[in-house]
Every structure is written in structure tokens, then in C-alpha cells.
Amino acid sequence: MHRWAHGSPAEKPSGRVSNRHLAGQVFGLFRPHRHQVVLAVGLIVFTSGLGVVNPILIKFVFDALFPVGGGGPEMGLVGIYAGLMILIPMITGVVGIAQTYQINSIGQRLMEDLRNSLYAHLQGLSMRFFTSTRTGEIQSRFTNDIGGIQSVVTDTASSIVANVVVIASTLVAMLVLSWQLTALSLFMMPVFLFLTYRAGNARRKVTLLAQESKAEMSAITQETLSISGILLGKTFGRQREEMERFRSENRQVADLSIRAAMVGRVLFAMVQVFFSIAPALVYLVSAFVIYHSSGLSSGITAGTIVAITTLQSRLFFPIGQMLQVSVEAQSSLALFERIFDYLEIPQDIVDAPDAVPLPSRRAGAEIELDHVYFRYDPAHLTTQQSAVHADQEAPRPWAIEDLEMHIAPGQLAAIVGPTGAGKTTVSYLIPRLYDVTLGAVRIDGHDVRSLTLASIADQLGIVTQETYLFHASVRRNLLYARPDATQEELEAACRAAFIHDRITELADGYDTVVGERGYRFSGGEKQRMAIARVILKSPRILILDEATAALDTTSERLVQAALSPLIRERTTIAIAHRLSTILAADVIFVIDHGRLVEHGTHAELLRMGGLYATLYEHQFAPQGATEPPAARSSGRGAAEVVPDGEDGVVAAGA
Ligand code: ADP
């Protein structure tokens, strides 16, 4: 179940207020299509209203067939009435086609609108949302929930309109025919209304539960049947457990769906019993009325009785349907509720009203972290959460605590520190993927919150550990960085990233499709593609999250060679895992537990003998004589570090 802090249904005011609010939102969706809606309603009113004519004609036909005064049938009248009885259904049929078209197109347009707004809204949500929501959940909003809207319009909404018209026109016709028999029929109405009310609430609750269970199930299939999921399951031998988990959720879905179907059904069965009793009562009461009003003055003829019993089913059947429809309307509201739930999640990271674009300069940018404090998901730091963690470890309030960093234009800054220190988090704060809790992040002296997100994205490039390539051609993947790049620019970028030759070796060259069902590049190749993508973009600020996964020596050297020209001439912040990078860095920031422990150049930090010295010894320092060739291949690293290297670094560089 979705547990988003701002949008959980449990936190919403329940009952009337929220229902009215919800209804308002639903009506709002129809507003752009109001002309179509008016036309559709008009057509429904026409066809449903016309339906009352035939039962009335029954009375006239009967009275013409068996005139009250006796004698033979009045042939002329019977002919006219019979002709009308044939013509009217034909008209209804033709108009009905137009009506079906209108209703379906309203339903589809509504779904189209909802899918568009949901997609646009989700695009605007911050990383916070996506790290706390499973993809299966999001998928289910699109498929299950929005998919259900079509039937809301074609079945539920249109049958409400049709039934209202049918009930009203039928009532009028019945009243004209015989008020006594109409009164008898109305006598049963309150019973139905009561049942409707009861069934609606019960059905809505079960439907909501069923929807949640379905979402859970599709999340499980998404997670466990993905390539990584299945690999994990197989290698850890957890298939039996996964199967159990799936089975129990699947059972829940089935059980809840059965319950959802039954809640309305039991009450509907009771209505059907009433349907059968109704004509019998008409005959009895008619006999009583005719007997007591000495025949003719009651106005009840054989035609009247036949017409009334026909009309009665036209009255009860729609009421029975309304009973179902109102149950459906309730569960439809649940669908809308789940969709609006998502649409109402606030977009927490958006342009400020007075945001300005980051002025672009030629040189690299200046970056400053000014007493930055940050924590993930502040809403979740509740007492309940603390209790969960109590037996493990005390919850750490800050992922980043009072962090001060200053990076001059054009510098290469390396961030090092143990796992979980907060390095990646820092790399998220600069492009404003998250907002700081306290303090400020500044680019060229501008608080990132005062800048437009688009201008930051324009001037900033990220190479992450996990290279994400779309299931599309190599060309399209590269053009993602700059759609207007020419083939020459594309190739130049790929040459600079040492991946051009590899791409041209492939049968389809730049048109080779990458991804799950396409060509699988190796880790090093993917990284070089990502580097080519960033070279193409040529941002002023580069954030580089170096892969921790070891590459083979050749790949490592190629990636390193691809990176060195990229790092030059721009401000680079590297989460460093390679010796060459830290040696090349102008400044190294050492982070631990979200705090800056020390900073300086490699040589300065080594002399201090603090955390960096320890890290260097265990993580980065070349082991024995076979030092990694990485340092050598960094154009800048090797050359610039040598003068500092009185302490074994020379060996690494030489
Ligand atoms: P590093 O990159 O140095 O390994 P991170 O920046 O990834 O460290 O993580 C810093 C701290 O923040 C860790 O304690 C980690 O568990 C926590 N953290 C990271 N991402 C999230 C998240 N999405 N939600 C909550 N906590 C997170």
C-alpha cells in the first residue's frame, strides 16, 4: 500500500466533506468536455424519454382492440398505434448509436486527460517520492485506476442520467393513467433507497481494499519478475518464499473481489423478489378499486392494467439499476480518490515564483555549501519510526550535518569517505534533486532555490555509477543530452570518450538498439557512453559518481582516459573511488557521518594522519609493486601530483 506522507488516504478528512470535495474534483474533470457532455445528456434524455411512449401505446392499442363500449376492434387506430410502436424503437436505435459514440469518447478523453496530468505531475515530483514508492504502484495508478474510469463514464454516469429520465417520465405516465396504482408502486420506493444506502458504503470499502491488494500484487510481480529481481530470487534460492508471498496476496485479491461482487449482489436479489411481487399486487389492488368504484368511474381499463404493469417494470428496473449504479458510483469514487491522491502529492521541488536562470559563463562555476544540514524524509522521523529503530540503532537525524564546502571555478573536488558517509547525498543537493533542510547550496553565489531548475540542469552534467541507457538506439541515447547535435558532434564526443570505435564495430553502428532486449554493453562501455553523453552536453559543472565496481584494467584505463579531458575546463565534483581522481583533485573533502572531517590536497591530508590517511592506506593506496595503471592514464593526475609526492605517490604516478 502506498504510504506517502502527504497523500495517504488515512490522513484525509473522511465522510461528507471529503466526498463533496471529491465530487467537485470529478466534476472539474468533465468541464473541458462540457459541450460533449451536454450533447450526450441530451441524447440520453431523448432516447430514455422516448421509451415511455411504447407502454402508453399499449394502453391505447388495448383500448382500441377491446373498446370499453364493446364491439369489434377499431382497425384504423390499431394500425396507427402499431405503426408508431414499430417506428419509435427504430428512432431510438439510431439515436442510440450517436449516444454511444458521445459517451465513449467522453470516457476516453477523460482518461487521456488524467493520464496526461498524472504523468506530468509525476515528472515534477522530487526524488523523495520515487525513492519511497515502488514502480509497480505507479503503474497500477495508470492501468488499474485510470483504466477503470472508462466504465465509470460509459456505465455508471450515463446510466444515472438515463435512469433518472426513465423514472421521471414513467412516473408521469403512470400518474396520468392511474394515481391509485402509482401510489401502490411508490409505496415500495423507500425500501429500495434504504438498501441502496447500505450497500453503497460496504461496497466502497471492499473495492478500495481490493484495489490496494491488486496494486500490491502487481508491485510484487514487477519487483520479482524483473531481471534483477529474478536473479536475486534464483541466486538466493528464495523462489519458494516469493511464491508464498505472491500466493497469499493473490488469494487476498480473489477473496476481496468476491466480497466486492457479493456486497451489492445480495441486496440486488432482494429487489428482484420485489419485481415479481409488484404485478401481482397491481391485479389485486385493481380488482379492489374497480369493485369499490362500481366499474367505469375508476378509469381503470384492461389497457390501463397492462400499461401499468409494463410501466412498473420500467420504474422498478431503473430503481434496481440505480441501486447497483449507486454502489458502482461509490466504488468509482474510490478510483478517483486514488488518482487524485497522487495528483495531490505536492511538488516540493519546483521553481520559486521569482526564480531566475543561472547566468551562463564560459568558465566553470563556483560552488558553495554553506552550513548545510539535510535529512531524508523529515515527515518520517516520527516517534513510531524511532520505536522501530530503537532496538537496532538510534535514528540518525541528519544525513548531512553542518557541511561547509567551497569549490572554486574550474576546480576538481574529490569527495571521499566511508560508505554511508553522505557523499551521494551531497551530489544530490547541488543539482537540487533534494532541497537542503537548513543552510544553502550556492552556484556562482546564487542559492540554487532561487534559480530555475531548467537552467541548473542545462549547465550541469552527472555521470552516475549506474549508467542508465534507454531501450533505444545508441544515437537516441546520446542525443538525449543534446537533441540538436549533428552526427559529427556525436562522433567527436564518442571519440573523446573512447567509445566510437566500439560502436562502429557493431553491425548497426550508431543505430544499434541498447538495453534489456537489445545489445548489451559491458560496464566500462556503458560508462564511456555516459561520458560521451555528458561531453556532448558540455556542462559547466560536472558531477561524477565513480563506479565502485571494479573494471578490468583495459576498461579502467579507457574510462579514465575518457574522463580526463572532460574534467578539464569545468568545475567537477567527483565522488572518488579511484586513486587517479583523488591524486588529480585540487581539493579533497573527507566526509564521515554527514560531517566534513578534513579537507585539503592529497599531500596535506596524508600529513595530517587523520581519516583520509587511514582511508588512503586501506582503499586507495597501490598495493605492492603492481599499482593500478589508472593514475598513469589520467592526463592531469599523474603530471600534477608528482611535485607533491614525497611520500610514495611518486611511485603511483611514475
Ligand atoms: P554514501 O554515498 O557516502 O555511501 P549516501 O549519501 O548514499 O552515502 O547516504 C548517506 C546516508 O543517508 C546513509 O545513512 C543512508 O542510509 C541515508 N540515505 C541515503 N539515501 C536515502 C533515502 N532515499 N532515504 C533515506 N535515507 C537515505
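(A) Summary view of the overall build of the protein. Of the regular secondary structure elements, the protein holds 26 helices and ten strands. Among the 654 residues that make up the protein, the fraction classed as buried is 46%. Taking the intrachain contacts of the protein between residues at least 6 apart in sequence as the baseline, contacts between residues at least 24 apart amount to 81%.

(B) Local environment of the nonpolar core. Judged by nonpolar contacts, the single largest core of 50 residues is most densely connected at Val416, Ile531, Ile582, Ile588 and Tyr612. If one sorts the elements of this core by residue count, helix 19 (residues 523-537) sits on top with seven residues. When neighbours within four sequence positions are excluded, tyrosine 612 is seen to be in contact with Val416, Ile582, Ile588, Val590, Glu598, His602, Leu605 and Leu606. In terms of nonpolar packing, the next biggest core, distinct from the first, is built from 31 residues, Leu369, Met405, Val436 and Val587 among them.

(C) Summary view of the layout of surface pockets. Each pocket or cavity is described by its volume, and for the largest pocket that value is around 2600 Å³. What lines the largest pocket is a set of 50 residues, among which Met127, Leu433, Tyr468, Phe470 and Tyr480 lie closest to the centre. Ranked by residue count, the leading element in the lining of the largest pocket is helix 6 (residues 135-147), at five residues. A breakdown of the residues in the lining of the largest pocket according to their chemical character gives 26 nonpolar, 17 polar and seven charged.

(D) Highlighting the site of the ligand. In the vicinity of the ligand lie twelve residues, with Gly420, Gly422, Lys423, Thr424 and Thr425 positioned nearest. Residue threonine 425 places a side-chain N or O atom 2.4 Å away from an oxygen atom belonging to the ligand. Burial of the ligand by the surrounding chains reaches 61%, relative to a free accessible area of 560 Å². Broken down by element, the shell around the ligand gets its largest block of residues, three residues, from helix 14 (residues 423-429). Of the residues in the shell around the ligand, the class split is four nonpolar, six polar and two charged.

(E) Representation of the packing of aromatic side chains in the model. All chains considered together, the criterion is met by 13 aromatic pairs. Their ring planes at 85° and their centres at 4.9 Å tell us that phenylalanine 129 and phenylalanine 130 sit as a pair that is edge-to-face. Its relative accessible area of 1% is what places phenylalanine 129 among the buried residues. What links up through ring pairs into an aromatic cluster is the set Phe374, Tyr376, Tyr428 and Tyr434. A cation over an aromatic ring shows up here: arginine 141 above the ring of tyrosine 342, its NZ or CZ 3.9 Å from the ring centre. Seen from the ring of tryptophan 398, arginine 375 lies directly overhead, with NZ or CZ sitting 4.4 Å from the centre.

(F) Spatial organisation of the environment of isoleucine 308. Residue placement: isoleucine 308 occurs in helix 12 (residues 302-343). Relative accessible area serves as the criterion here: at 0%, isoleucine 308 is assigned to the buried category. Considering only alpha carbons, one finds isoleucine 308 and leucine 177, 131 residues apart in sequence, at a separation of 7.6 Å. In contact with isoleucine 308, not counting residues within four places along its chain, are Met174, Leu177, Ser178, Leu181 and Val282.

(G) Examining the packing of helix 4 (residues 75-123) against helix 6 more closely. Interhelical geometry of helix 4 versus helix 6 gives an angle of 165° and a closest axis separation of 10 Å. Comparing their axes, helix 6 and helix 4 come out roughly antiparallel. The crossing of helix 4 and helix 6 is right-handed. Of the residues in helix 6, those in contact with Met111, Leu114, Arg115, Leu118, Tyr119 and Leu122 of helix 4 are Ile138, Arg141, Phe142, Ile146 and Gly147. Within the contact of helix 4 with helix 6, the residues separate by chemical class into eight nonpolar, one polar and two charged.

(H) Structural detail: the pairing of strand 10 (residues 595-600). Sheet analysis places strand 9 (residues 587-592) next to strand 10, joined by five bridges and oriented antiparallel. Pairing of aspartate 592 across the sheet is with arginine 595, part of strand 10. Hairpin connection from strand 9 to strand 10: two residues lie between these consecutive antiparallel strands, with histidine 593 at a positive phi of about 50°.

(I) Representation of the sheet that holds strand 8 (residues 571-575) within the structure. In spatial order, the strands read 6-7-8-3-9-10; together these six strands make up an open sheet with mixed pairing. Looking along the sheet, the strands with just one partner apiece sit at the ends: strand 6 (460-463) and strand 10. Strand-to-strand twist of the sheet, defined as the mean angle between neighbouring strand axes without regard to direction, takes the value 20°. Across five bridges, the pairing between strand 7 (residues 541-545) and strand 8 is parallel. Note that in strand 8 the partner of leucine 544 across the bridge is alanine 574.

(J) Broad picture of a nonpolar patch on the surface. A surface patch of nonpolar side chains, amounting to about 720 Å² of accessible area, comprises Phe46, Leu77, Ile80, Leu84, Ile86, Leu87, Met90 and Ile91. With seven residues, helix 4 is the single largest residue contributor to the nonpolar patch. Tracing the backbone shows methionine 90 in helix 4.

(K) View of the confidence of the model for the protein. A residue-level look at the protein finds 84% of positions with pLDDT of 70 or above and a mean pLDDT of 81. Taken together, the stretch residues 1-16 has pLDDT below 50 and engages in 26 contacts with residues farther than four places along the chain or on a different chain. Predicted confidence is poor over residues 380-391, with pLDDT under 50, and the contacts of this stretch with residues over four places away or in other chains come to seven contacts.

(L) Representation of the packing of helix 2 (residues 34-50) against helix 4. Where helix 2 meets helix 4, the axes come as close as 9 Å, and the angle between the chain directions of the two elements is 150°. If you check the angle between helix 2 and helix 4, you find them roughly antiparallel. Relative to helix 4, the crossing made by helix 2 is left-handed. Taken together, the residues of helix 4 that come into contact with helix 2 (itself represented by Gln36, Val37, Leu39, Ala40, Leu43, Ile44, Phe46, Thr47 and Leu50) are Ile88, Ile91, Thr92, Val95, Gly96, Ala98, Gln99, Gln102, Ile103, Ser105, Ile106 and Arg109. Grouping the constituent residues of the contact of helix 2 with helix 4 by class yields 13 nonpolar, seven polar and one charged.

(M) Region of the structure containing the pattern of salt bridges. Going through the model one piece at a time under the given rule, you end up with 25 salt bridges. When the shortest N-O distance is used, the salt bridge between arginine 475 and aspartate 511 registers 3.0 Å. With arginine 475 in helix 16 (residues 474-479) and aspartate 511 in the loop between helix 18 (500-505) and helix 19, this residue pair connects regions lying 36 residues apart in the sequence. Overall, arginine 475 belongs to the partly exposed group, its relative accessible area being 23%. A salt bridge links aspartate 484 to arginine 482; the nearest nitrogen and oxygen atoms lie 3.3 Å apart. For aspartate 484, a relative accessible area of 61% translates into the label exposed. Classification of arginine 482 by relative accessible area gives partly exposed; the value is 26%. Salt bridges linked by common partners bring Arg134, Glu216, Glu223, Glu242 and Arg245 together as one network.

Thresholds applied
- Residues numbered from 1 in each chain as written.
- Predicted model: local features only at pLDDT ≥ 70, side-chain atom pairs only at ≥ 80, totals over all residues.
- Heavy atoms only, no water.
- Helix = DSSP H or I, 4+ residues; strand = E, 2+ residues; numbered from the N terminus.
- Buried < 20%, exposed > 50% of the residue type's maximum accessible area, 1.4 Å probe, protein only.
- Contact = heavy atoms within 4.5 Å.
- Core = buried A, V, L, I, M, F, W, Y, C linked by side-chain atoms within 4.5 Å.
- 1 Å grid on protein atoms, 1.4 Å probe; cavity = no way out; pocket = protein on both sides within 12 Å on 5 of 7 lines; lining within 4 Å.
- Points joined across faces, edges and corners; volume = space filled by probe spheres on them.
- Nonpolar A, V, L, I, M, F, W, Y, C, P; charged D, E, K, R; others polar.
- Near = heavy atom within 4 Å.
- Polar contact = N/O pair within 3.5 Å; in protein donor to acceptor, adjacent residues only side chain to side chain.
- Areas by Shrake-Rupley, 256 points an atom, 1.4 Å probe, with all protein chains shown as cover.
- Phe/Tyr/Trp six-rings, centres within 6.5 Å; stacked < 30°, edge-to-face > 60°.
- Lys NZ or Arg CZ within 6 Å of the ring centre and 35° of its normal.
- Axes fitted to C-alpha atoms, helices over the stretch in contact; angles between N-to-C directions.
- Parallel < 35°, antiparallel > 145°, perpendicular 65-115°, else oblique.
- Left-handed = near helix turned anticlockwise from the far one by under 90°.
- Pairing = 2+ DSSP bridges.
- Patch = residues over 30% accessible without salt bridge, like charges linked within 9 Å, V, L, I, M, F, W, Y side chains within 5 Å.
- Salt bridge = Lys/Arg side-chain N within 4 Å of Asp/Glu carboxyl O.
- pLDDT = per-residue confidence, 0-100.

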